[in-house]
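Read off the chains here:
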Amino acid sequence: MPTVSMTVNGKPVTGEVEARTLLVQFLRENLRLTGTHVGCDTSQCGACVIHLDGIAAKSCTLLALQCGFCTPGMIMAALDIVRRRGNDLDE
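Worth saying up front: this structure is predicted, and the values here are computed from it rather than measured.

## Focus on the overall build of the chain
Scanning the chain for helices and strands turns up two helices and four strands. Secondary structure elements of the chain, listed N to C terminal, follow the sequence β-β-α-β-β-α. A compact globule built from 91 residues would reach a C-alpha radius of gyration of about 12 Å, whereas the chain, at 15 Å, exceeds it by more than 25%. Taken along its principal axes, the extent of the C-alpha atoms in the chain is 45 × 30 × 25 Å. Taken over 91 residues, the chain has a buried fraction of 20%. Long-range pairs, those at least 24 residues apart, make up 31% of the contacts in the chain between residues at least 6 apart in sequence. Each charge sign in the chain was given a centre, from 8 positive and 9 negative side chains, and these centres are 4 Å apart.

Put into structure tokens, the structure is as follows:
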């Protein structure tokens, strides 16, 4: 199994995960940090929100091991947004 390393609550942590392990699962099951919840299983309720590099993110939509599998799709979606919105884009 792959090993992931990250900083959680200011402390470095490492753990073995399956490639499709969600970040919320890693936090709850591997690190026993049960304050992060899975509330809806549809990524809509926000019970799983964490701060990732200072930005709120839903941990039920993030893999603990970012493999890059979805990167081409993200790039294609970004190109479509730029094509449609162009100069109207902002942060």
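Here the narrative resumes, following the displayed structure.
## Concerning the layout of surface pockets
Looking at the largest pocket, its volume works out to about 430 Å³. Lining the largest pocket are 19 residues, with Met6, Thr7, Leu23, Ile50 and Leu52 positioned closest to its centre. Those elements giving two or more residues to the lining of the largest pocket turn out to be strand E1 (3-8), helix H1 (23-30) and strand E3 (49-52). It is E1 that provides the largest number of residues to the lining of the largest pocket, a total of five residues.

## Considerations on the pattern of salt bridges
One pass over the structure, following the stated rule, counts two salt bridges. Notably, a salt bridge pairs Asp80 with Arg83, separated by 2.5 Å at the nearest N-O pair. Of this pair, Asp80 and Arg83 both sit in helix H2 (residues 71-85), separated by three residues, roughly a single helical turn. For Asp80, a relative accessible area of 27% corresponds to the partly exposed category. Across the pair Arg84 and Asp80 runs a salt bridge, and its minimum N-O distance is 2.8 Å.

## Describing unusual backbone geometry
One non-glycine residue with positive phi stands out, namely Asn9, at about 55 degrees. Here Asn9 shows up in the loop between E1 and strand E2 (11-16). Accessibility expressed as a relative area gives 69% for Asn9, which makes it exposed.

Each value, and the rule that gives it
For every chain, the first residue of its written sequence is number 1, and the numbers climb from 1 along that sequence. At least 70 in pLDDT is required for a residue's local features to be given in this predicted model, at least 80 for side-chain atom pairs to be given and counted, and no such filter applies to totals for whole chains, interfaces and linings, which use all residues. Side-chain numbers come from the whole structure's heavy atoms, not from hydrogens or water. Runs of H or I in DSSP of at least four residues are treated as helices and runs of E of at least two as strands, each being numbered from the N terminus. Radius of gyration here uses only the C-alpha atoms, and the compact-globule reference equals 2.2 Å multiplied by the residue count raised to the power 0.38. When accessible area is computed with a 1.4 Å probe and restricted to protein chains, residues below 20% of their type maximum are described as buried, those above 50% as exposed, and intermediate ones as partly exposed. Every residue pair with non-hydrogen atoms within 4.5 Å of one another is taken to be in contact. The charge count treats Lys and Arg as positive and Asp and Glu as negative. His and the chain ends do not count. A charge is said to be at NZ when it belongs to Lys, at CZ for Arg, at CG for Asp and at CD for Glu. Here a cavity denotes a set of grid points, spaced 1 Å apart and computed over the protein atoms alone, in which a 1.4 Å probe fits but from which it cannot get out, and a pocket denotes an open set meeting protein on both sides within 12 Å along at least five of seven lines; residues with an atom within 4 Å of a point are reported as lining. Grid points are joined across faces, edges and corners, and a volume is the space filled by probe spheres set on the points. The working definition used for a salt bridge is a side-chain nitrogen of Lys or Arg within 4 Å of a carboxyl oxygen of Asp or Glu.

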